[in-house]
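# A closer look at the structure
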There are 2 protein chains.
Amino acid sequence: MAKFFGTPDGIHVGQQFIDRAELSKLNVHRPTQGGIHGNRSEGADSIVLSGGYSGDADEGDYIIYTGHGGQNANTRRQERDQSVDDPGNAGLITSKVLGLPVRVIRGANLKSPFSPPSGYVYGGLFEVSDVWTEIDSNGYRLIKFKLERLPEQAELVSATRPITDPAFATSTVTRRIRDTSVSRKVKEMYGNHCQICGTVVPGIGERLYSEGAHVRPLGRPHLGDDALENLLCLCPNHHTELDIGGMVILDDYSLARTADLARFADLSFRADHQLHPSNATYQRELWIKLES
Amino acid sequence: MAKFFGTPDGIHVGQQFIDRAELSKLNVHRPTQGGIHGNRSEGADSIVLSGGYSGDADEGDYIIYTGHGGQNANTRRQERDQSVDDPGNAGLITSKVLGLPVRVIRGANLKSPFSPPSGYVYGGLFEVSDVWTEIDSNGYRLIKFKLERLPEQAELVSATRPITDPAFATSTVTRRIRDTSVSRKVKEMYGNHCQICGTVVPGIGERLYSEGAHVRPLGRPHLGDDALENLLCLCPNHHTELDIGGMVILDDYSLARTADLARFADLSFRADHQLHPSNATYQRELWIKLES
């Protein structure tokens, strides 16, 4: 089953479902058995929380979730280590490295103020913000994940107030890297190689990381297009530099410092990819007007 | 007046204030005149919205705000271009480049569902997500800013529902770069040079960008310390690689690929900065346990 990232059309946070068959039919959580829908290459697109592990936690805005595997099918007792090669666990690790959104579904069996009275409820999109290992009381290795609710969604449906992680009370978010389905496409086209410097950022288990950069920004007032003609595959350094106006794109797709328009590099394109010239022009004029 | 970033102790979102003098006394917005408290080198730490420009907008979760300058003091009519060298405008641009949080205060004069019936109300911390120029109907240049509300704060106080920017309806956030007061310190110590590769990412107007990277992660379950002994100044590429487990820190503060422990670089430290060895050990073991 191919993965589908994001909230399916017509599904909303707080929507309830009778059983796993209905979750599957509506593409909220495809498999009718198993808590994680994922694999190593694509990532994981959904998980079901049903309270299988005692150390798990559900604070609404963030969740501690134990991976899959190593339990006796009858007794549910842990009798082996969990493996990072299990497709579900590997998928959630890939989702962390690539920053893919994971649908979270809560079951009635879950002991949580956010679980539904019966059946299942859709809790929205989360990011896998953390992964680590723990040794349980019998000495078996568990793979643990922290998931954090993504902003810009409908409000959480709950009787109680979500608790914010106290560790972040004094922190602020300085940059948010936005992703769209088209930006995943451009990263795939270039195998995560930066179109400016060729850098690929390596992650755990030979996973690779890059960013899709919109040349003309999305959103008001720029109204840039979420299309390949407006996207580059860049390393985080060059994406940052593009976003904060350190460089501009010239008409021949070379790059220049905004301060003095000195050329310092060229963009490399595949034969089947090109920017629309108007997007390069927009980016350049936006920043040149702010330089002086 | 030195800048202070973040919400002052004892101040909360939705708190109301009688007048500008009270805002100033409680360090919510220091100057008793002027909408922006900022300068080019430090950034801007607070703004007051009072509805001076007709093109401005307040959607609760995001705000369109016109910069300072060029108006006739008596008629309030625009009679000159706005300048990026105006300290307030330059401060907001610096806050965008460095990702500094800006306190937003709404005044009763503001035509917005979020403005208070009288006096002023504290709206919380925002990031400057965008900056651009516009030409007004008389041909004068205005400097415009978009501010977006940072997540992980108390709920917005309003009679109406905040509207999400439709341009982002299909996007997700793949990485969030968190910042703390200590991470600002480490970036300053190294003049924004990456401790691994020496890179500095340039922004508009010769502003510089780097990231403070926590070696042992903040928050549960890691409980890393927000202290210099747990922080590095890194470029976005190396910060990403550290966060997604592509590299580990060895006991001699050299760096190795997690996959094969092959050394590829060293960390450079100033004489007055060092990691606590336990933080390097924690980071290394965390990822080595997830490699196999």
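In the block above lies the structure referred to throughout.
Time to look at the overall build of chain A. When helices and strands are tallied, chain A shows five helices and 16 strands. Summarising its shape, the C-alpha atoms of chain A cover approximately 70 × 40 × 35 Å along the three principal directions. Looking at chain A alone, contacts between residues at least 24 apart form 59% of all its contacts between residues at least 6 apart.

Further remarks concern helix α4 (residues 236-243) of chain B. All names here are of chain B. In terms of residue burial, α4 counts as a mostly covered element, since eight of its eight residues are buried. Those residues of α4 lying buried are P236, N237, H238, H239, T240, E241, L242 and D243. In the segment just after α4, G245 is the residue with positive phi, at about 80 degrees.

To continue, consider the interface of chain A and chain B. It is common to give the size of an interface as the accessible area that goes away when the parts come together. With 60 residues of chain A at the contact, the number on the chain B side is 60 residues. Of all the secondary-structure elements, those providing two or more residues to the side of chain A that touches chain B are α2 (87-98), β7 (120-135), β9 (172-179), β10 (201-202), α4 (236-243) and α5 (277-291) of chain A. If one sorts the elements of the side of chain A that touches chain B by residue count, β9 of chain A sits on top with eight residues. Per-class residue counts for the side of chain A that touches chain B are 27 nonpolar, 18 polar and 15 charged.

Below, the discussion takes up the sheet that holds strand β15 (residues 254-257) of chain A. Residue and element names in this part refer to chain A. Taken in spatial order, the three strands make up an open sheet running β14-β15-β16, and their pairing is antiparallel. Of all strands in the sheet, those bounded by a partner on one side alone are β14 (247-249) and β16 (263-266). Taking each pair of neighbouring strands and ignoring which way they run, the sheet shows an average axis angle of 30 degrees. Bridge count between β14 and β15: three bridges; the pairing is antiparallel.

Conventions we followed
- Residues numbered from 1 in each chain as written.
- Chains lettered and ligands numbered in written order.
- Predicted model: local features only at pLDDT ≥ 70, side-chain atom pairs only at ≥ 80, totals over all residues.
- Helix = DSSP H or I, 4+ residues; strand = E, 2+ residues; numbered from the N terminus.
- Contact = placed C-beta atoms within 7 Å.
- Buried ≥ 20, exposed ≤ 12 C-beta atoms within 10 Å, placed from the backbone.
- Nonpolar A, V, L, I, M, F, W, Y, C, P; charged D, E, K, R; others polar.
- Pairing = 2+ DSSP bridges.
- Axes fitted to C-alpha atoms, helices over the stretch in contact; angles between N-to-C directions.

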